[in-house]
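Each chain is listed here by its residues.
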Amino acid sequence: QSCFEGAMYIFVFIWTPVLQDAHHESGALGEIPHGVIFSTFMVACMIGSSLFWFIEVHLSLTSAMRFIFALGTSTFLLAMKSKNVWLTYGAFVVFELICGVYFPAMGTIRATYVPEENRSAIMNYFRVPLNVIVVVMLFYELPLRFVMTLCAALLAL
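Keep in mind that what you see is a predicted model, and the values were worked out from it rather than measured.

Caption draft 1: Highlighting the side chain of Glu-5. Positionally, Glu-5 belongs in helix H1 (residues 2-25). Reaching out from Glu-5, the side chain makes a polar contact with the side chain of Tyr-102 at a distance of 3.2 Å. Filtering out sequence-adjacent residues up to four positions away, Glu-5 remains in contact with Tyr-102, Phe-103 and Leu-130.

Caption draft 2: Quick look at a nonpolar patch on the surface. Side chains of Val-128, Val-132, Val-135, Val-136, Phe-139 and Tyr-140 sit close together on the surface and give an oily, nonpolar patch of about 620 Å² of accessible area. Looking at the secondary structure, you find Val-135 in helix H5 (residues 119-139). In this structure Val-135 comes out as exposed when scored by relative accessible area, which is 53%.

Caption draft 3: Geometry of the environment of Pro-129. Looking at the element boundaries, Pro-129 is found in helix H5. With relative accessibility at 35%, the residue Pro-129 sits in the partly exposed group. Remark: the alpha-carbon pair of Pro-129 and Ala-70, spanning 59 residues in sequence, is separated by 21 Å.

Caption draft 4: Fine view of H5. Taking 1.5 Å as the rise per residue, H5 with 21 residues should run 30 Å; its terminal C-alpha atoms sit 30 Å apart, in good agreement. Buried residues of H5: Met-123, Leu-130, Ile-133, Val-134 and Met-137, and no others. The buried side chains of H5 occupy one side of the element, clustering within an arc of 90 degrees when seen end-on. Counted as exposed and oriented over 90 degrees from the buried face of H5: Tyr-125, Val-128, Val-135 and Phe-139. Each element contacted by the buried residues of H5 is listed here: H1, helix H4 (85-113) and helix H6 (144-156).

Caption draft 5: Representation of the packing of helix H2 (residues 34-58) against H4 in the model. Following both chains from N to C, one finds H2 and H4 inclined at 45 degrees, their axes separated by 7 Å at the closest point. If you check the angle between H2 and H4, you find them oblique. The interaxial crossing formed by H2 with H4 has right-handed handedness. When its residues are assigned to classes, the contact of H2 with H4 shows 17 nonpolar, five polar and two charged.

Caption draft 6: Inspection of the nonpolar core at higher detail. In terms of nonpolar packing, the biggest core is built from 44 residues, with Ile-10, Leu-19, Phe-76 and Phe-92 touching the most fellow members. Looking at this core, the elements with two or more residues in it are H1, H2, helix H3 (61-81), H4, H5 and H6. Once you skip the residues sitting within four places of it in the chain, Phe-76 turns out to touch Ala-7, Phe-11, Ile-14, Phe-95, Met-148, Cys-151, Ala-152 and Leu-155.

Caption draft 7: The arrangement of the environment of Val-43 in detail. Mapping Val-43 onto the fold places it in helix H2. Note on Val-43: relative accessible area 43%, which makes it partly exposed.

Caption draft 8: Expanded view of H3. Compared with an ideal rise of 1.5 Å per residue, which puts 21 residues at 30 Å, H3 spans 30 Å between its outermost C-alpha atoms and is within 8% of the ideal. Along its buried surface, H3 packs onto H1, H2, H4 and H6.

Cut-offs and rules
Note on numbering: residues in each chain are counted from 1, in written sequence order. The predicted nature of this model means local features are confined to residues of pLDDT at least 70 and side-chain atom pairs, given and counted, to a pLDDT of 80 or more, with totals for whole chains, interfaces and linings taken over all residues. The basis for the side-chain values is all heavy atoms of the structure; hydrogens and waters are excluded. Where helices and strands are cited, they refer to DSSP runs of H or I of at least four residues and of E of at least two residues respectively, numbered from the N terminus. Here a polar contact means two N or O atoms within 3.5 Å. Within protein one must be a hydrogen donor candidate and the other an acceptor candidate, and residues neighboring in sequence count only if both atoms are side-chain atoms. Throughout, a contact is declared for two residues whenever any of their heavy atoms are within 4.5 Å. Only residues whose relative accessible area exceeds 30% and that form no salt bridge are eligible for patches; like-charged ones are grouped when within 9 Å, while nonpolar side chains (Val, Leu, Ile, Met, Phe, Trp, Tyr) are grouped when within 5 Å. Here, Shrake-Rupley sampling with a 1.4 Å probe gives the accessible areas, and only protein chains in the shown set may cover a residue. Counted as salt bridges are all cases of a side-chain nitrogen of Lys or Arg within 4 Å of a carboxyl oxygen of Asp or Glu. Only protein chains enter the calculation, and the probe is 1.4 Å; a residue is then buried if its accessible area is under 20% of its type maximum, exposed if over 50%, and partly exposed in between. Expected span of a helix: the number of residues minus one, times 1.5 Å. Within this analysis, the arc is defined by the directions that extend from the helix axis to the C-beta atoms. To get an axis, a line is fitted to the C-alpha atoms, and for a helix only the part in contact is used. The angle between two axes follows their N-to-C directions and goes from 0 to 180 degrees. Throughout this description, any angle smaller than 35 degrees is read as roughly parallel, any larger than 145 degrees as roughly antiparallel, any in the 65 to 115 degree range as roughly perpendicular, and the remainder as oblique. For any helix crossing, the convention is left-handed if the near helix is rotated counterclockwise from the far helix by under a right angle, and right-handed if that rotation is clockwise. Each residue gets one label: Ala, Val, Leu, Ile, Met, Phe, Trp, Tyr, Cys and Pro are nonpolar, Asp, Glu, Lys and Arg are charged, and the others, such as Gly, are polar. What we call a nonpolar core is a set of buried Ala, Val, Leu, Ile, Met, Phe, Trp, Tyr and Cys residues that are connected through their side-chain atoms within 4.5 Å.

Here it is as structure tokens:
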């Protein structure tokens with residue numbers, strides 16, 4: 001949980017410069033349409049939440065989550081390797097869709113395996129490594145492609 005959410009919070013900080021760099025590498029001038037891009041990310045997240053209900057009914061949730069984590073890893077690797085702004089954007093939209101599936105799925109898994117009377121204390125323990133991951137990644141101002149590689153590694157764990 002800390003690894004996925006750490007990668008997700010880092011994504012919040014890096015998507016703009018990554019897409020802007022890809023936009024400039026493609027020879028385009030000016031800024032990317034931040035509002036439109038953010039809106040499509042939110043729509044993808046909502047679609048992912050809706051997909052969760054289909055996944056829950058038709059598939060094993062733990063098996064589906066393994067696939068979701070592998071797909072998340074692939075999206076960061078694709079964005080890292082690509083110099084095409086549309087391919088990078090597509091990878092990020094898929095990652096947001098995955099985030100939409102992740103939150104209801106983890107809530108369901110958590111309700112199944114973590115006793116309710118201890119849930120808040122246990123979940124707070126997971127926030128410590130999550131915060132360490134995000135602060136370390138942002139503090140050192142690492143190159144964007146390296147940060148995307150680290151996010152892919154976090155999702156692969």
